[in-house]
Amino acid sequence: MSRGATGSPDFTTTDAVIPDAIPSYTPLNRYILREFESTTQVPLRDDGIKDAVRSQLNGGLQDLFAYVECFYENDLKKVDTELTDTYLEMAIQALKAQFDLDMMSNAVAKAREQLKSDINENPELMLETLEYFESVDKQGVFKTVKQRYLEAMATKDTDFVEYLESNPYYEMYRNAAQIIMDPYSVIANEDNDDDVGISGGKISLTDPISMTKLEDPQRSRKCGHTFNSDYIKRNVGSRGIDCPIPGCSYQLTKDDFVPDISMRLRIKVANEKEKQGKRKPVDSVRTRESTPA
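The name given to the protein chain in an unreviewed UniProt entry is SP-RING-type domain-containing protein, with the source organism recorded as Diutina rugosa. For the protein chain, the Pathway (unreviewed entry) comment in UniProt is given as "Protein modification; protein sumoylation." Under Sequence similarities (unreviewed entry), UniProt gives the following word-for-word description of the protein chain: "Belongs to the NSE2 family."

Undergrad: Is there a simple way to think about the sheet that holds strand 5 (residues 217-220) in this case?
TA: Backbone hydrogen bonds hold the strands of a sheet together, and the pairing may be parallel or antiparallel. Spatial ordering of the open sheet is given by 6-5-9, a layout of 3 strands whose pairing is antiparallel. Every other strand in the sheet has two partners, leaving strand 6 (226-228) and strand 9 (257-259) as the edge strands with one partner each. Going across the sheet, the axis of each strand differs from the next one's by a mean of 40°, ignoring polarity. Pairing analysis gives 3 bridges linking strand 5 to strand 6, with the strands arranged antiparallel. When the sheet's bridge partners are listed, proline 217 is paired in strand 6 with asparagine 228.

Undergrad: Mind showing me how you'd approach the side chain of glutamine 98 here?
TA: Looking at the secondary structure, you find glutamine 98 in helix 3 (residues 81-121). A distance of 2.8 Å separates the side chain of glutamine 98 from the side chain of aspartate 102, its partner in a polar contact.

Undergrad: Looking at this model, I keep getting lost on the nonpolar core. Mind explaining?
TA: Of all hydrophobic cores here, the largest spans 32 residues; its most connected members are Leu57, Met172, Tyr173, Ile180, Leu265 and Val269. Elements represented by at least two residues in this core include exactly helix 2 (47-73), helix 3, helix 6 (156-165), helix 7 (168-174), helix 8 (176-181) and helix 10 (261-290). Counting the residues that make up this core, at least three belong to each of domain 1 (25-181) and domain 2 (206-275). Ignoring sequence-local partners within four residues, the contact set of tyrosine 173 consists of Gln56, Leu57, Gly60, Leu61, Leu64, Thr84, Tyr87, Leu88, Met90 and Ala91. Cys223, Tyr231, Ile232 and Val236 belong to the second-largest nonpolar core, a separate cluster that totals 10 residues.

Undergrad: Whenever I open this one, the packing of aromatic side chains confuses me. Can you help?
TA: Two aromatic rings are characterised by how far apart their centres lie and by the angle between their planes. All told, the structure shown has 8 aromatic pairs when counted by the stated rule. An aromatic cluster of at least three residues, connected via ring pairs, comprises Tyr67, Phe71 and Tyr72. Note that lysine 96 overlies the ring of phenylalanine 160, its terminal NZ or CZ placed 5.9 Å from the centroid.

Undergrad: Any chance you could explain the pattern of salt bridges here in plain terms?
TA: A side chain of one charge can pair with a side chain of the opposite charge when the charged atoms of the two come close. Evaluated as defined, the whole model comprises 11 salt bridges. Of the charged contacts in the structure, one is a salt bridge between lysine 268 and glutamate 69, with a shortest N-O distance of 2.6 Å. Here the residue lysine 268 occupies a position in helix 10, and glutamate 69 occupies one in helix 2, the gap between them amounting to 199 residues. Assessed through its relative accessible area of 16%, lysine 268 is described here as buried. Look at glutamate 69 and you get partly exposed, because its relative accessible area is 29%. Put simply, aspartate 256 and lysine 222 hold a salt bridge, and the shortest N to O gap is 3.4 Å. Separated by 34 residues along the polypeptide, aspartate 256 in the loop between strand 8 (251-252) and strand 9 and lysine 222 in the loop between strand 5 and strand 6 bring together distant segments of the chain.

Undergrad: Explanation requested: unusual backbone geometry in the structure shown.
TA: Of all residues except glycine, most have a negative phi; of all peptide bonds, most are trans. In this model, aspartate 75 sits at a positive phi of 50°, which is unusual for a non-glycine residue. Tracing the backbone shows aspartate 75 in the loop between helix 2 and helix 3.

Undergrad: Quick question: what am I supposed to make of the side chain of asparagine 175 here?
TA: Looking at where asparagine 175 falls in the secondary structure, it is placed in the loop between helix 7 and helix 8. Within polar-contact distance, the side chain of asparagine 175 engages the backbone oxygen of glutamate 171 at 3.0 Å.

Cut-offs and rules
- Residues numbered from 1 in each chain as written.
- Predicted model: local features only at pLDDT ≥ 70, side-chain atom pairs only at ≥ 80, totals over all residues.
- Heavy atoms only, no water.
- UniProt positions renumbered as here; feature names shortened; annotations may be inferred.
- Pairing = 2+ DSSP bridges.
- Helix = DSSP H or I, 4+ residues; strand = E, 2+ residues; numbered from the N terminus.
- Axes fitted to C-alpha atoms, helices over the stretch in contact; angles between N-to-C directions.
- Polar contact = N/O pair within 3.5 Å; in protein donor to acceptor, adjacent residues only side chain to side chain.
- Core = buried A, V, L, I, M, F, W, Y, C linked by side-chain atoms within 4.5 Å.
- Buried < 20%, exposed > 50% of the residue type's maximum accessible area, 1.4 Å probe, protein only.
- Domains from an automatic or database assignment.
- Contact = heavy atoms within 4.5 Å.
- Phe/Tyr/Trp six-rings, centres within 6.5 Å; stacked < 30°, edge-to-face > 60°.
- Lys NZ or Arg CZ within 6 Å of the ring centre and 35° of its normal.
- Salt bridge = Lys/Arg side-chain N within 4 Å of Asp/Glu carboxyl O.

Structure below.
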């Protein structure tokens, strides 16, 4: 671009190639990142769904506790499997809602990281870089969200099965009927001594450290061993400890522990069964006393 005699710009000639139009694409910047984060966080704010799922799962557990009390108070001989199957289906539906939300949240989180990377790598908008910005996919980050979600959905059936298998509530609801009949029974997938406390072919309901009854059982997600929560609070810090079970080489931190829901049901059943055993002699005496000589 040259200047006229007065020193003002002369637009009649140019020594630079000016494109016909400035591209409509706006270079990525921190403002766009903030907008992306705010708009994606609102619909994906999952506290409500998580709370609803947790409420359903815990509510079902309390219902099963009440059923266990009724089962042993009335000395029933057979578990109502229609009831336990209904609660299992409820758990699957609730966990499916949580799973789908988690998949979308993960897709958005990965897209957000990609957006941050693009912001850091994009060149500054100048005449020399116009060609680059014209070629950029203007909706790339949003396509990334959709693509990642669709990729996840393509394998969702397999992934959801794995998700269920690792969920302690699903495990409990799936095995509820067998546990209600016998709280010490070994479930088919619990036949590994390294994963659960098994003694003499039965599940132990005793804390392996204090040798007292389990009250608030917490299970390690790494090795599957279960302890009372008070032991974990006293002994497991942020740095972690070696699992105290002989032969177990895992190092455990507080974050590795989750409530052992199946063990909670086992404890409830064992307690009710013990109460029934104490009631039976009294009931039999009353029966004999009321029988005419």
